[in-house]
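As a plain string of letters, each chain reads:
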Amino acid sequence: MNKIIPDNCANKVGKAVVFIGILIASIGMASIIPTLQTPRAKVLGILGGGQLGRMIALSAANLGVKVMVLDPSDRPPAAVAAQAVKGHFRDADNVQDFTSKVDVLTVEIEHVNAEILIILEEEGAADIQPSAKTIAIIQDKFAQKEYFKECGVPLGEFCDMPDEIALLHAANEYGYPFMLKSKCLAYDGRGNYVLHSKEDHSIAVEQLGGYAHGLYAEKWQPFEKELAVMVVKSRAGEVQLYPVTQTVQRDSICHVTETPALISESVRIAAELLAKQVVNAMQGAGVFGVEMFLLANGEVLLNEVAPRVHNSGHYTIDGCVTSQFENHVRATLDLPLGDTSLKVNHVIMLNILGEADGKKGEQLAEELIDRALATPGCSVHWYDKSGVTKGRKIGHINIVGKSMEEARDRLLALDPKALERLGS
Ligand SMILES: Nc1ncnc2c1ncn2[C@@H]1O[C@H](COP(=O)(O)OP(=O)(O)OP(=O)(O)O)[C@@H](O)[C@H]1O
Ligand SMILES: [Mg+2]
């Protein structure tokens, strides 16, 4: 026989059930709350929401880290895994507002408003990784060179270029060809001009925006290879290096990288030493990209440093145990650093560069991707940019192999010219 529960008794039972429910829920919440206070629960803010921000955000999503990006476009590539805030990373007010929304601030581009970052950092109003001082030094290529020269890092000759007299003097000292470079806002070769003769002087100065824009000159480095080392530094100053990679530029834009670089043991040691020296001289945590020239005599010279994840480290996504993007999240949020070693024997990264503007460029990129999808060992990384223009980075393909020969054979199926450029 069913027991009939009197009304007032049913009320009590009901209340007890509700109470127990609330208790269980509270215990459940209590066990969640400490998790929410871990560094993973912090909001990572990125100045810039392009492909680098996108790949940081994708890694962060896997770790359960929330990302916000400040970017001027309506739907930046990083929006796939980040909350995008519309605004410019060079606008002081936009940067300040954005900073108040995040726990830790980092950059995917060094050409940000460093003045406001320094103020916010000095006031203790923002946790900026790497330090705003580091970003300020790096964003001015001339200041960067002067700083590392003072630190004793091996680098080529360079000089300030305030006027015509200085340009004639540099031509005399260095001979032709030599490089004229913009101090600021330079990337992907925009901001560089190779001078072959005196006839080039005025056009070079004009193209780079005039002396008042801030120019400097570099002696030409007849490099045998270009090398790069990605480095991750923790907040406590622990430094871990990724393997030395060879980079090949086409029209001053990174086209293909190969890892490990085919270099002697002594060159590898010199490149690693230089990378450590450079990163130890910079304040703050995160990933840094160190670009170098390898000369015929085995000397390794610093080209330049990026205070952020870098194109020459894209191979780490499919080639290494922990990618540069995940390690940047780990380092900036004070999580343990991940393993930087290779998990495959050989990895080649091929940038998908716009070969033409518009539809033609899209079609050529699609054909390359089709070849990659049909070739074993290839992983496609698409950036979802708003359109294709000539020379624009629109994606990349990582090609892994059990051996160098296997990876190179696979590259041959994708882009024979890129293989030629790698050399031996
Ligand atoms: N002093 C030099 N001598 C010879 N080649 C040089 C020199 N400086 C730069 N280059 C060539 O031009 C490329 C681009 O130069 P640099 O790294 O200064 O430009 P960037 O615009 O900052 O490039 P990115 O943004 O791709 O790193 C170098 O990778 C190298 O191939
Ligand atoms: Mg460079």
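Along each chain, the written sequence defines residue order, and numbers are assigned to residues from 1. Each chain is given a letter, starting from A, and each ligand a number, starting from 1, according to the order in which they appear as written. In keeping with the predicted nature of the model, local features appear solely for residues at pLDDT of at least 70, side-chain atom pairs appear and are counted solely at 80 or more, and the whole-chain, interface and lining totals rest on all residues.

1. Some remarks on the overall build of the protein chain
For helices the rule is a DSSP run of H or I covering at least 4 residues; for strands it is a run of E covering at least 2, with both sets numbered from the N terminus onward. Within the protein chain one finds 14 helices and 17 strands. Overall, the C-alpha framework of the protein chain stretches about 105 × 50 × 45 Å when taken along its three principal axes. By the burial criterion, 43% of the 424 residues in the protein chain qualify as buried. Here, residue contact means that the backbone-derived C-beta atoms of the two residues sit within 7 Å. A sequence separation of at least 24 residues applies to 62% of the contacts in the protein chain between residues at least 6 apart. Exposure classes come from backbone-placed C-beta atoms, where a residue is buried if 20 or more other C-beta atoms lie within 10 Å of its own, exposed if 12 or fewer do, and partly exposed in between.

2. Some thoughts on the nonpolar core
Counting residues in each nonpolar core, the largest one holds 70 residues, and the members touching the most others are Ile 56, Val 67, Ala 271 and Val 290. With seven residues, helix α9 (residues 265-280) is the single largest residue contributor to this core. Domain start and stop positions are those given by an automatic or database domain assignment. Mapping this core onto the domain boundaries places at least three of its residues in each of domain 1 (40-128) and domain 3 (225-422). Setting aside residues no more than four positions away along its own chain, Val 290 makes contact with Ala 228, Val 229, Val 231, Leu 274, Ala 275, Val 278 and Val 305. Connectivity within a nonpolar core runs through C-beta atoms within 7 Å, and the core itself is a set of buried Ala, Val, Leu, Ile, Met, Phe, Trp, Tyr and Cys residues.

3. Description of the sheet that holds strand β7 (residues 192-195)
If you trace the four strands from one edge of the open sheet to the other, you get β5-β8-β6-β7, paired in antiparallel fashion. The open sheet has two edge strands with one neighbour each: β5 (158-160) and β7. Taking the axes of each pair of neighbouring strands and ignoring which way they run, one obtains an average angle of 25° across the sheet. Where β5 lies against strand β8 (residues 215-219), three bridges are found, and the strand directions are antiparallel. Following the sheet pairing, Asp 160 is matched in β8 by Tyr 216. Each of β5, β6 (178-182) and β8 touches helix α7 (residues 164-174); the most contacted strand, β6, lies at about 145° to it. Only strands joined by at least two bridges in the DSSP assignment are considered to pair. Inter-axis angles, ranging from 0 to 180 degrees, are taken between N-to-C directions of lines fitted to C-alpha atoms, where helices are fitted over the stretch in contact.

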